[in-house]
Amino acid sequence: MTALLEVDGLTKRFGGVTAVEDCSFSVPAGTITALIGPNGSGKTTAFNLITGYLRADAGAVAFDGRRVARPDPTGLYRRGLTRTFQQARVFHELTLVENLAVAMRRPRGALFRRDVTPGDRARSEDALGQFGLAALAQNRASELSFGQQKLLEFATVLMGRPKLVLLDEPTAGVNPVMIETMEHHIRELNRGGITFLVVEHEMSLVMRLCDPVIVLDHGTKLAQGTPSEVQADPLVLDAYLGA
């Protein structure tokens with residue numbers, strides 16, 4: 001399969017600590033790819049390097065067939081690469097509709113206006129309906145539960161019509177029903193053509209949802225394969241799964 005995202009030799013140091021070291025992997029187009037590893041293995045740092053929230057000390061990123069010379073979140077968002085965060089990033093004082101409206105591709109400067117056009121409102125309400133949040137459309141985001149804020153953030157990143165979505169622990173801190181809801185949306189959106197790279201600690205979810213699975217350890221790729229291959233890899237069992 002064609003790689004939608006290619007990471008080549010990414011390295012990031014914080015003082016004397018190397019968080020990511022010569023890390024290379026690819027995400028095939030059309031897949032739900034997992035990025036797993038123990039706490040401190042460099043997963044979120046890798047996400048931050050790929051999306052431009054941190055500057056790499058070495059290495060390169062290519063997206064959709066083009067090298068990304070200096071990754072920045074806004075430029076990548078406009079090209080079709082976006083992400084969520086471990087702690088949902090939403091505008092707490094805006095309504096749900098307003099949160100989705102400001103995430104749509106629009107002229108520079110429109111972000112600072114709170115007015116919502118009829119077209120933006122219709123599209124926002126449709127997205128909220130798909131995520132089961134339609135009844136809360138006019139509520140402020142601050143009124144949502146933690147899990148609902150994660151759903152809102154998920155819906156928000158989709159407003160840019162992305163090709164690739166990086167999900168950073170989408171089910172962390174949510175109840176089992178919300179985990180099922182997240183899984184359902186990821187599967188449906190993937191069937192609709194969106195590729196996913198998912199950092200997730202819930203191994204049962206990873207093994208039934210993702211293929212391939214990439215394993216990081218000490219900031220570099222330890223293994224990559226199908227869920228069954230990764231589960232049977234002695235290096236993975238020793239480093240991460242605890243067997």
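Just so it is clear, the model here is predicted, and its values are computed rather than measured.

## What to know about the overall build of the protein chain
Thought 1: Regarding its fold elements, the protein chain presents nine helices and ten strands.
Thought 2: Here the C-alpha atoms of the protein chain give a radius of gyration of 18 Å, agreeing with the 18 Å that 2.2 N^0.38 yields for 243 residues.
Thought 3: Overall size of the protein chain, expressed as C-alpha extent along the three principal axes, is 55 × 40 × 35 Å.
Thought 4: Within the protein chain, buried positions represent 52% of all 243 residues.
Thought 5: In the protein chain, the proportion of contacts linking residues at least 24 apart, taken out of those at least 6 apart, comes to 68%.
Thought 6: As presented, the protein chain carries roughly 11,400 Å² of accessible surface, and 51% of it is formed by carbon and sulfur atoms.
Thought 7: Taking the average location of the 26 positive side-chain charges in the protein chain and that of its 27 negative ones, the two points are 9 Å from each other.

## Considering helix 4 (residues 118-130)
Thought 1: Its 13 residues place the ends of helix 4 19 Å apart at the C-alpha level, agreeing with the 18 Å of an ideal helix rising 1.5 Å per residue.
Thought 2: Taken together, the buried positions of helix 4 are occupied by D120, S124, A127 and L128. Buried residues of helix 4, seen end-on, are gathered within an arc of 100° and therefore sit on one face of the element. Seen from the open side of helix 4, the exposed residues pointing more than 90 degrees away from its buried face are P118 and Q130.
Thought 3: Along its buried surface, helix 4 packs onto helix 3 (96-102) and helix 5 (146-157).
Thought 4: Where helix 4 terminates, the next one or two residues include G132, which has phi positive at roughly 70°.

## Examining the sheet that holds strand 5 (residues 66-68)
Thought 1: Overall, antiparallel pairing links the four strands, which are arranged 2-1-4-5 in an open sheet. With partners counted over all chains shown, the strands left at the sheet margins are strand 2 (17-28) and strand 5, one partner each. Averaged over neighbouring strand pairs, the angle between their axes works out to 25° when direction is ignored.
Thought 2: Where strand 1 (residues 3-14) meets strand 4 (residues 58-63), five bridges bridge the pair, whose relative direction is antiparallel. If you follow V7 over to strand 4, its bridge partner there is V61.

## Section: the packing of aromatic side chains
Thought 1: A full pass over the atoms with the stated rule returns three aromatic pairs.
Thought 2: Consider the rings of F131 and F154, whose centres lie 5.4 Å apart with planes at 65°: the pair is edge-to-face. Note that F131 is positioned in the loop between helix 4 and helix 5 and F154 in helix 5, a separation of 23 residues in sequence. For the residue pair F131 and F154, the accessibility class agrees, reading buried in each case.
Thought 3: Here K12 stacks its cationic end above the ring of F14, 5.5 Å away from the centre of that ring.
Thought 4: Residue placement shows R89 over the ring face of F85; its charged tip is 3.7 Å from the ring centre.

## Examining the environment of Y77
Thought 1: Mapped onto the secondary structure, Y77 falls in helix 2 (residues 73-79).
Thought 2: Separated by 77 residues in sequence, Y77 and F154 place their C-alpha atoms 14 Å apart.
Thought 3: A polar contact is formed between the side chain of Y77 and the backbone nitrogen of G160, at a distance of 3.2 Å.

Thresholds applied
Residues numbered from 1 in each chain as written. Predicted model: local features only at pLDDT ≥ 70, side-chain atom pairs only at ≥ 80, totals over all residues. Heavy atoms only, no water. Helix = DSSP H or I, 4+ residues; strand = E, 2+ residues; numbered from the N terminus. Rg over C-alpha atoms; globule rule 2.2 N^0.38 Å. Buried < 20%, exposed > 50% of the residue type's maximum accessible area, 1.4 Å probe, protein only. Contact = heavy atoms within 4.5 Å. Areas by Shrake-Rupley, 256 points an atom, 1.4 Å probe, with all protein chains shown as cover. Lys, Arg positive; Asp, Glu negative; His and termini not counted. Charge placed at Lys NZ, Arg CZ, Asp CG, Glu CD. Expected span 1.5 Å × (residues − 1). Arc of directions from axis to C-beta. Pairing = 2+ DSSP bridges. Axes fitted to C-alpha atoms, helices over the stretch in contact; angles between N-to-C directions. Phe/Tyr/Trp six-rings, centres within 6.5 Å; stacked < 30°, edge-to-face > 60°. Lys NZ or Arg CZ within 6 Å of the ring centre and 35° of its normal. Polar contact = N/O pair within 3.5 Å; in protein donor to acceptor, adjacent residues only side chain to side chain.

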